[in-house]
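A closer look at the structure
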Amino acid sequence: MKIVVLDGYALNPGDIDWAPLQEIGECEIYDRTSFTDKKEILKRIGDARIVLTNKTPIDEEIINSAPNIEYIGVLATGYNVIDIAAANKAGITVTNIPTYGTEAVTQFTFALLLEITSQVGLHDRLVHDGKWSSNPDFSFFAKPLTELQGKVLGLVGFGRIAQKVAEIGHAFGMNVIFYNHRPKKVKQDWQKQVSLDTLLKNSDVVSLHVPQTPDTTEMINDSSLKKMKDSAILLNTARGGLINEKDVADALNNGQIAAAAVDVAQCEPLNADSPLLDADNCYITPHIAWAPQETRARLLGIAVDNLTEFLAGRKKNVVDK
């Protein structure tokens, strides 16, 4: 059985063992495959029955031109790179990896928040530049520092990651509120469900934890930003398309909100002319919340398990719509 991995480098730049996958069948593993050159994609798929992809798209044209495909495993949670309807029509099973990164993304959400509120990176650079050694005072701070105790943490979405973020926020002494498009039963009395408008108006920190759908695309825009406090911090570790980058940049530059930190962008890699790059108090990381070695190893393990279950005639993490 031939297995093709179209873009394995992001998942495994060399610090994870592909052996569990290679034990299943003959593997052809490519570091990268063009996102736009369909001839290259089809050539690499060849006569493979099993195709694994992270961000390389597999659309209806590719599906119809590669009749041997029986299974497409998405090496990520999001599966918008696959034409699910075309795959269903062709009898192809599609799976994803839904729950591998809860701890890592939660950790990174707070890494971004703590960078904004405690300014560790800035002060480390200043110390190494000699600013402390030459300072007349025993302590100095070049930017205001913020305590999280008592602040309102507003979570947009309340799935696994948001619930974990809520726990950590509560441990910091934050007041946790959340909005979810479907009402959720709360497990703790300190978790309060509110409308989106109420969340935007009352939160000191707004953290996004929803998938990108037609309803959530650019949900953070000029209108929603105007509802937020001018001291508010915006965090996005979910999907880049949840925010209108120009509107967020304008809000930062105009003092409409205090700061933003994003690990995702509307276009990835980030466009060189993205307005966020020149925005005031905007912190940007290159989609790495998911990337600890332990997290990526877990992802690969789930991908192998998904495939093993498929080959045994069972369904696991199957995406069918």
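Residues numbered from 1 in each chain as written. Predicted model: local features only at pLDDT ≥ 70, side-chain atom pairs only at ≥ 80, totals over all residues. Heavy atoms only, no water.

In total, this model carries twelve salt bridges according to the counting rule given. Residue E309 is joined to R314 by a salt bridge in which the shortest nitrogen-to-oxygen separation is 2.9 Å. By relative accessible area, which is 17% here, E309 ends up buried. Several salt bridges converge on common partners, so that one network encompasses K38, D59 and E61. (Salt bridge = Lys/Arg side-chain N within 4 Å of Asp/Glu carboxyl O. Buried < 20%, exposed > 50% of the residue type's maximum accessible area, 1.4 Å probe, protein only.)

Once that is clear, we can look at the sheet that holds strand 11 (residues 259–262). With parallel pairing, seven strands are arranged side by side in an open sheet as 8-7-6-9-10-11-12. The strands lining the two open edges of the sheet, one partner per strand, are strand 8 (191–193) and strand 12 (282–284). Put simply, the sheet's adjacent strands are angled 20° from each other on average, direction ignored. Pairing geometry for strand 10 (residues 233–236) and strand 11, over four bridges, is parallel. Of the residues in strand 11, the one forming a bridge with L234 is A260. Contacting strand 6 (152–156) and strand 7 (175–179), helix 7 (residues 160–171) runs over the sheet at an angle of about 175° to strand 6. (Pairing = 2+ DSSP bridges. Helix = DSSP H or I, 4+ residues; strand = E, 2+ residues; numbered from the N terminus. Axes fitted to C-alpha atoms, helices over the stretch in contact; angles between N-to-C directions. Contact = heavy atoms within 4.5 Å.)

Moving on: the environment of A265. By the secondary structure assignment, A265 is in the loop between strand 11 and strand 12. Overall, A265 belongs to the buried group, its relative accessible area being 11%. Separated by 262 residues in the primary sequence, A265 and I3 have C-alpha atoms spaced 31 Å apart. Those residues in contact with A265 that lie beyond four places of it in its chain are G240, G241, E245 and L270.

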